[in-house]
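The primary structure of each chain is shown beneath.
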Amino acid sequence: MSVILQVDFSMEGPFGSEMASQFEELAESINEERGFQWKIWTEDADNKEAGGIYVFDTKENAQKYLDMHAKRLKSFGIDEVNAKIFDINRQLTKITDGPAV
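With that settled, consider the sheet that holds strand β4 (residues 81–87). Strand order across the open sheet formed by 4 strands is β2-β3-β1-β4, with antiparallel pairing between neighbours. Edge positions in the sheet fall to β2 (36–44) and β4, since each has one partner strand and no second. Across the sheet, the mean angle from the axis of one strand to that of its neighbour is 15°, orientation sign disregarded. Strands in contact with helix α3 (residues 59–75) are β1 (3–10), β3 (49–56) and β4; relative to β1, the strand with the most contacts, it is inclined by about 15°.

Right under this line is the structure:
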């Protein structure tokens with residue numbers, strides 16, 4: 001059963017198209033993570049926050065990715081990462097036209 005990994009953190013930038021350009025290789029590498037299905041990238045330049053909503057095939061794979069990603073973010077100077085892993089209610093998600101998971 002697929003799960004959601006929600007991650008956010010404070011970040012000075014970049015945002016928008018500059019973020020897309022600078023993080024393209026990172027985005028491509030995420031596609032190779034075990035159990036990864038998809039990600040929505042989130043950003044709020046005004047409040048200097050970024051993150052993402054991910055879908056993984058299992059809680060275990062989501063947790064492994066989160067552990068690795070928190071270390072990677074720390075290497076970028078980001079020490080505090082907020083994250084939660086959620087189960088998906090498929091019945092209600094289908095009613096509200098959520099992506100098939």
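Mapped onto the secondary structure, L5 falls in strand β1. Judged by relative accessible area, which is 0%, L5 ranks as buried. It is 8.1 Å that separates the C-alpha atoms of L5 and L66, two residues lying 61 residues apart in sequence. Ignoring any residue separated from it by four or fewer positions in sequence, one finds L5 in contact with G52, I53, Y54, F56, A62, Y65, L66, A83, K84 and I85.

The pairing of β1 with β3 spans 8 bridges and is antiparallel. Residue pairing in the sheet places V3 in a bridge with F56 of β3.

Further remarks concern unusual backbone geometry. Between G13 and P14 the backbone carries a cis peptide bond, its omega angle lying at 5°. Within the secondary structure layout, P14 lies in the loop between β1 and α1 (16–22). Positioned with a positive phi, D97 is a non-glycine residue whose angle comes to about 60°. Its place among the elements puts D97 in the segment after α4 (90–95). The exposure class of D97 is exposed, given its relative accessible area of 70%.

Criteria and cut-off values
Residue numbers run consecutively from 1 along every chain, following the written order of its sequence. Reporting in this predicted model follows two pLDDT cut-offs: at least 70 for local features of residues, and 80 or more for side-chain atom pairs to be given and counted; totals over whole chains, interfaces and linings ignore these cut-offs and use all residues. Derived side-chain values reflect all non-hydrogen atoms in the structure, with water molecules and hydrogen atoms excluded from consideration. We call two strands paired when DSSP finds no fewer than two bridges between them. Each helix is a run of DSSP H or I of at least 4 residues and each strand a run of E of at least 2, with the numbering of both proceeding from the N terminus. Angles run from 0 to 180 degrees between N-to-C directions of axes, and those axes are lines fitted to C-alpha atoms, restricted for helices to the stretch in contact. By definition, residues are in contact when any of their heavy atoms lie within 4.5 Å. Partly exposed describes any residue whose relative accessible area lies between the buried limit of under 20% and the exposed limit of over 50%, with all areas from a 1.4 Å probe on protein chains only and scaled to the type maximum.

The values reported here are purely geometric and, on their own, carry no functional implication.
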